[in-house]
Structures are given as structure tokens and as C-alpha cells.
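Close look at the chain arrangement
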Amino acid sequence: GQQVMQIPQYQHVQEGEDFTTYCNSSTTLSNIQWYKQRPGGHPVFLIQLVKSGEVKKQKRLTFQFGEAKKNSSLHITATQTTDVGTYFCASYSGGGADGLTFGKGTHLIIQP
Amino acid sequence: KAGVTQTPRYLIKTRGQQVTLSCSPISGHRSVSWYQQTPGQGLQFLFEYFSETQRNKGNFPGRFSGRQFSNSRSEMNVSTLELGDSALYLCASSLDLRTDYGYTFGSGTRLTVV
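Report on the accompanying structure. (Residues numbered from 1 in each chain as written. Chains lettered and ligands numbered in written order. Predicted model: local features only at pLDDT ≥ 70, side-chain atom pairs only at ≥ 80, totals over all residues. Heavy atoms only, no water.)

1. Let's talk about the overall build of chain B
- Across its full length, chain B carries zero helices and eleven strands.
- For 114 residues, the compact-globule estimate of 2.2 N^0.38 gives 13 Å, and chain B sits close to it at 13 Å.
- C-alpha atoms of chain B, sized along the principal axes, occupy 35 × 25 × 25 Å.
- Across the 114 residues in chain B, those meeting the buried criterion constitute 50%.
- A sequence separation of at least 24 residues applies to 55% of the contacts in chain B between residues at least 6 apart.
- Surface exposure of chain B reaches about 5,400 Å², of which carbon and sulfur atoms provide 47%.
- Separation of charge centres in chain B, based on 12 positive and 7 negative side chains, amounts to 5 Å. (Helix = DSSP H or I, 4+ residues; strand = E, 2+ residues; numbered from the N terminus. Rg over C-alpha atoms; globule rule 2.2 N^0.38 Å. Buried < 20%, exposed > 50% of the residue type's maximum accessible area, 1.4 Å probe, protein only. Contact = heavy atoms within 4.5 Å. Areas by Shrake-Rupley, 256 points an atom, 1.4 Å probe, with all protein chains shown as cover. Lys, Arg positive; Asp, Glu negative; His and termini not counted. Charge placed at Lys NZ, Arg CZ, Asp CG, Glu CD.)

2. Side note on the interface of chain B and chain A
- Counting residues at the interface gives 20 residues for chain B, matched by 18 residues for chain A.
- Regarding the contact of chain B and chain A, the summed buried area is about 1,600 Å², with carbon and sulfur atoms giving 49% of it.
- Area buried by chain B at its contact with chain A is led by Leu43(B), Arg98(B) and Phe105(B), which between them contribute 36% of it.
- At the boundary of chain B and chain A, one finds zero salt bridges.
- The interface formed by chain B and chain A contains five residue pairs in polar contact (both at pLDDT 80 or more).
- Among the secondary structure elements, those contributing two or more residues to the side of chain B that touches chain A are β4 (31–38), β5 (42–50) and β6 (53–57) of chain B.
- Looking at the side of chain B that touches chain A, the element that brings in the most residues is β5(B), giving four residues. (Buried area = accessible area lost by both parts, 1.4 Å probe. Salt bridge = Lys/Arg side-chain N within 4 Å of Asp/Glu carboxyl O. Polar contact = N/O pair within 3.5 Å; in protein donor to acceptor, adjacent residues only side chain to side chain.)

3. Points about the nonpolar core
- Residues Trp34(B), Leu46(B), Phe64(B), Met76(B) and Tyr89(B) are the most contacted members of the largest nonpolar core, which totals 21 residues.
- When residues of this core are traced back to their parent elements, those giving at least two are β3 (19–24), β4, β5, β8 (74–78), β9 (87–94) and β11 (109–113) of chain B.
- Residues contacting Met76(B), with those up to four places away along its chain left out, are Val19(B), Thr20(B), Leu21(B), Trp34(B), Leu46(B), Phe47(B), Phe64(B), Ser65(B), Gly66(B) and Tyr89(B).
- If you look at the next biggest cluster of nonpolar residues, it comprises 19 residues, including Trp34(A), Leu61(A), Phe63(A) and Cys89(A). (Core = buried A, V, L, I, M, F, W, Y, C linked by side-chain atoms within 4.5 Å.)

4. Here's the deal with the packing of aromatic side chains
- Overall, the coordinates contain eleven aromatic pairs over all chains when judged by the stated rule.
- Seen in terms of ring centroids, Tyr35(A) and Phe45(A) are 5.5 Å apart; in terms of plane orientation they differ by 65 degrees. Their pairing is edge-to-face. Of this pair, Tyr35(A) sits in strand β4 (residues 32–37) while Phe45(A) is found in strand β5 (residues 43–49), placing the two residues ten residues apart along the sequence.
- Classification of Tyr35(A) by relative accessible area gives buried; the value is 0%.
- With a centroid separation of 5.6 Å and 65 degrees between ring planes, the pair formed by Tyr35(B) and Phe45(B) is classed as edge-to-face. Placement of the pair is Tyr35(B) in strand β4 and Phe45(B) in strand β5, with a sequence separation of ten residues.
- Classification of Tyr35(B) by relative accessible area gives buried; the value is 0%.
- Among the aromatic residues, those joined into a cluster by ring pairs are Tyr35(A), Phe45(A), Phe88(A), Phe102(A), Tyr35(B), Phe45(B) and Phe105(B). (Phe/Tyr/Trp six-rings, centres within 6.5 Å; stacked < 30°, edge-to-face > 60°.)

Next up, the structure:
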């Protein structure tokens, strides 16, 4: 099945700084979903992007889907301690034979 | 409404034993997926069930199996447990296959194999 690669694996930021995580694929993605997992918790669905070049915003979070539908990013403006956690991107394979495949995630660590 | 319920929350088993984990999806959700989460491998897809049929399967050995009942509740079974099976097993439900609305995860079952 396809793989989505996420970078960076870890990101340390000072509270109030911005944060970005990137998700890349060697093949065209049919869609991209983003999830957040707090420490000790379970993944929580944030958003789905489907269209080429799509940009969606949720308060301080901005999600983008690349024009070629091979990459995506999640940007958080002015991080807060509540943003701590691991952010995952996930996608279905184009052939539909696999389930939702997750990237390894980016661990966001915020220093107050 | 109630979320995705997984039982038990914690489990300790001995190598060679088998284990059955249970998942009750959100009412009305017909698709149930299972994931294994470990620090080294991250979230790995096990299988997805819809209308009592396995629709998708990940790259796991045949020791891992599952089923879905007519009320959409699902179970997964792991036979002949190995130390490497120690992980958090997450169940996720959705309205439909390849949903646009994302998956809702349960809190997971923490399996420790000793």
C-alpha cells in the first residue's frame, strides 16, 4: 500500500511560536485526513482535504493540500500549551484495497 | 451520544495465549477499523469491517483476525501471542467506508504480553 511520510518527527517550539508539519507521498493521494493525539489519548479527527490546492482553516490551524495532491501541511499559528500532542496525516490508497494509512506523526512539544 | 467503546482497557497475557478485544462503534456507524499502535511503528492498519464483511486488510500475519456482528460491534482476536504484540489496539468507527467525515477512535486496549 501507499505510504505517507511525515516530517519532522519531533518539533520543539516556544509557546507563541508557529508550528508546521508536512506530509508527503510519492503517489497521488485521493484525499488527506489529519488527526491529533494528545499524550495518553487517542487520535481525534481534525479535517479532510480532497481537492487539489485546497486550503481549510480551523481557528489557528491551517491545512493545505498540494496542487499535485502529493503533499499536505498543517500549520498552527501562535502555539498554545493545549496544542501539545502528535499530529498525524492519513490517506486511503488510490486502489481502495487498503484502509486508512497513517503517517508516523509529528510530536509537538511546547516549552512555556 | 456515546463514543466508541473498547473493552477491556488493559490486558496482560502470557506469550502463546490468545486474546479477544471488543469494540462497540458509535450508534449508526457501520464501518469499524482496527489499528495497532506502538512507539516504533506508529499506527498500523489491521483490518476494516463493513456490514459484517472484512473489506480491507493490513499487512499482519494470520494470527490477527476479526469479525463484525449484525449490530456493527466488532471483535479482534490475536492467537499465539508474541512479545512483539504488546501494543495499544485502537478501534475506530465511521459512518461508511472511505468516509469524508473521518474516523472516531476509541480509547484503546493496552495489551501487554509477558
